[in-house]
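The chain contents come next:
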Amino acid sequence: MKHLSPIFASILLCSFYTIYCQKISVIGTGYVGLVTGACLAYLGHEVICADIDDNKINLLQAGVIPIVEEHLNTIITSNVESKKLAFTTNIPDAIQKSDIVFIAVGTPTKDDGTSDTTALYKVAEIISENLNNYKIICIKSTIPIGTSKKIFDYIKARSKNTQFDLVFNPEFLREGQAVHDFLYPNRIVIGTESLIAQEKMALVYASFIENNIPFLTTDLVSAETIKYACNAFLATKIAYINDISRLCEASGACISMVQQGMMLDERIGKSFLNPGPGFGGSCFPKDCEALIHIGDSFDVDLKIVKSCLASNALHKETIIKKIISALDDDLENKTVTLLGLAFKAGTDDVRCSPAITIIEKLLPSGIKIKVYDPAAMNNMQKIFPTLEYCSSAHEALENSDLTVILTEWPEFKELAFEKIVTKNKSLKIIDTRNILDSRMMRAMGCYYLNAGNAIVN
Ligand code: UDX
């Protein structure tokens, strides 16, 4: 570009803009929809994010981001200012003004463990009423295998013969790191039966294709299966290392050495092998549950996924047993401090957090529960209003008999536990995330339990 005349360079840039820039609407502004809309605008597309929730849209239009996601605020602010990104509650208008409609509404778990696709079908109905020209309808929400085809048929039956194509484009976004995961994907998966839709989606993700990010195109059912298969596998990896950590505690082996020995095998890989209090979040538990039901609906018994969930539940039970044992089986008139409430560090989300299971089991005993979390306290207070919510970790640790570290917040690693333990010699510590220096904790003669007898320097 540097050898081109400025005029020619601007023509080139304009043609890039014209070729690649797509008019996109994103229906649903939760974790996935908001990050998707913001990042697509960041990639150069014109994006309208739409939601039925007036309050959420009013907050977004006022520049208030309702979720904790690193970099999201900056990306939204700059793209709203450059008019690449807008927010609305007028879903029909957003659909009519766009060529590609992303559906990113929630598909929560019903009481029977299956996915609730009510919101998805509601959006599909609105889309069928607003197909003012050819559009690509791209489902981002995690949906039961076979649902994309049902949505296609549902819209087709209501669309008065206006042409459209359907795509399933699964997201692989981790909460707290969703912007990073969107802008630095390992791969883009596009499920569709339409070549036109494949080409159109290649324009949406042109920036990634030009950087040699694999662009995997496949059929709808395979794309839907990829999403569940990935999440259930990652959850199984975590349940597996938690099982192994319990074996290490029984055998005297050191989990951190076992982890190193495993991670050096490139077939196993380095990630998702950290022991913890059990996996939580809005995805792994829900997707494993849904996948089991999908398997059952095809009369396929997904035994490993069932074992993954059973192992995760068992692991949380063993954490509770450790707590009761550390308090000499006498919880009355005792105080326990929970450091960390979010299901993982970097988010304010407590959905399916192990902290919830632990609190539910401890509350009936009459034990006093003091809690601190840098981001998730408001969300946990909506569930358990009677806990003692502290303004700092130090306040939470005062006059406590036992502290349990449940979330791997960096600030907990920096706590001067040597001073804390010197001041409160009877304080016992259960470190479910192996974030403290176990050699130092044990050298101080402190009652310190972690996951798998880890030797953490
Ligand atoms: C997950 C998937 O990673 C993501 O690809 C998908 O799109 C959505 O679901 P998320 O649930 O946001 O993302 O969080 P993730 O970082 O995967 O952690 C899930 C749970 O596993 C957390 O409770 C976390 O603490 C736990 N975990 C993760 C471990 O216990 N050990 C690990 O090594 C990694």
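Residues numbered from 1 in each chain as written. Predicted model: local features only at pLDDT ≥ 70, side-chain atom pairs only at ≥ 80, totals over all residues. Heavy atoms only, no water.

Visitor: An account of the overall build of the protein is requested, with residue identities and associated values reported.
Guide: Across its full length, the protein carries 20 helices and 14 strands. Here the C-alpha atoms of the protein give a radius of gyration of 25 Å, agreeing with the 23 Å that 2.2 N^0.38 yields for 457 residues. When burial is assessed residue by residue, the protein has 52% of its 457 residues classed as buried. In the protein, the proportion of contacts linking residues at least 24 apart, taken out of those at least 6 apart, comes to 72%. Summed over its atoms, the accessible surface of the protein is roughly 20,900 Å², and 57% of this surface lies on carbon and sulfur atoms. (Helix = DSSP H or I, 4+ residues; strand = E, 2+ residues; numbered from the N terminus. Rg over C-alpha atoms; globule rule 2.2 N^0.38 Å. Buried < 20%, exposed > 50% of the residue type's maximum accessible area, 1.4 Å probe, protein only. Contact = heavy atoms within 4.5 Å. Areas by Shrake-Rupley, 256 points an atom, 1.4 Å probe, with all protein chains shown as cover.)

Visitor: Outline the sheet that holds strand β2 (residues 46-50), supporting the account with residue identities and numerical values.
Guide: The pairing of strands in a sheet comes from backbone hydrogen bonds and takes either a parallel or an antiparallel form. Ordered by their spatial adjacency, 8 strands build an open sheet running β3-β2-β1-β4-β5-β6-β7-β8, and the pairing between neighbours is mixed. Each end of this open sheet is capped by a strand with a single partner; those strands are β3 (85-88) and β8 (215-218). Taken pair by pair, the neighbouring strands of this sheet meet at an average axis angle of 25 degrees, ignoring direction. Direction of pairing for strand β4 (residues 100-103) relative to strand β5 (residues 135-139): parallel, over a ladder of 4 bridges. By the bridge assignment for β5, I103 is matched with I139. Contacts from helix α11 (residues 220-251) reach β6 (164-168), β7 (188-192) and β8 within the one sheet, and its direction differs from that of β6 by about 30 degrees. (Pairing = 2+ DSSP bridges. Axes fitted to C-alpha atoms, helices over the stretch in contact; angles between N-to-C directions.)

Visitor: Talk me through the environment of Q61; I want residue IDs and the actual numbers.
Guide: As for its placement among the helices and strands, Q61 is situated in helix α3 (residues 54-61). The exposure class assigned to Q61 is partly exposed, which follows from its relative accessible area of 48%. Considering only alpha carbons, one finds Q61 and S78, 17 residues apart in sequence, at a separation of 13 Å. Non-local contacts of Q61, meaning those with residues more than four positions away in its chain, are made with F87 and T88.

Visitor: An account of the sheet that holds strand β9 (residues 335-339) is requested, with residue identities and associated values reported.
Guide: The strand order across the open sheet built from 6 strands is β11-β10-β9-β12-β13-β14, with neighbouring strands paired in parallel fashion. Bordering the open sheet on either side are β11 (388-389) and β14 (447-450), each of which pairs with just one other strand. Sheet topology note: the strand β12 (residues 402-405)/strand β13 (residues 428-431) ladder contains 4 bridges and is parallel. Its bridge partner lying in β13, T403 is registered against I429. Each of β12, β13 and β14 touches helix α14 (residues 303-326); the most contacted strand, β13, lies at about 170 degrees to it.

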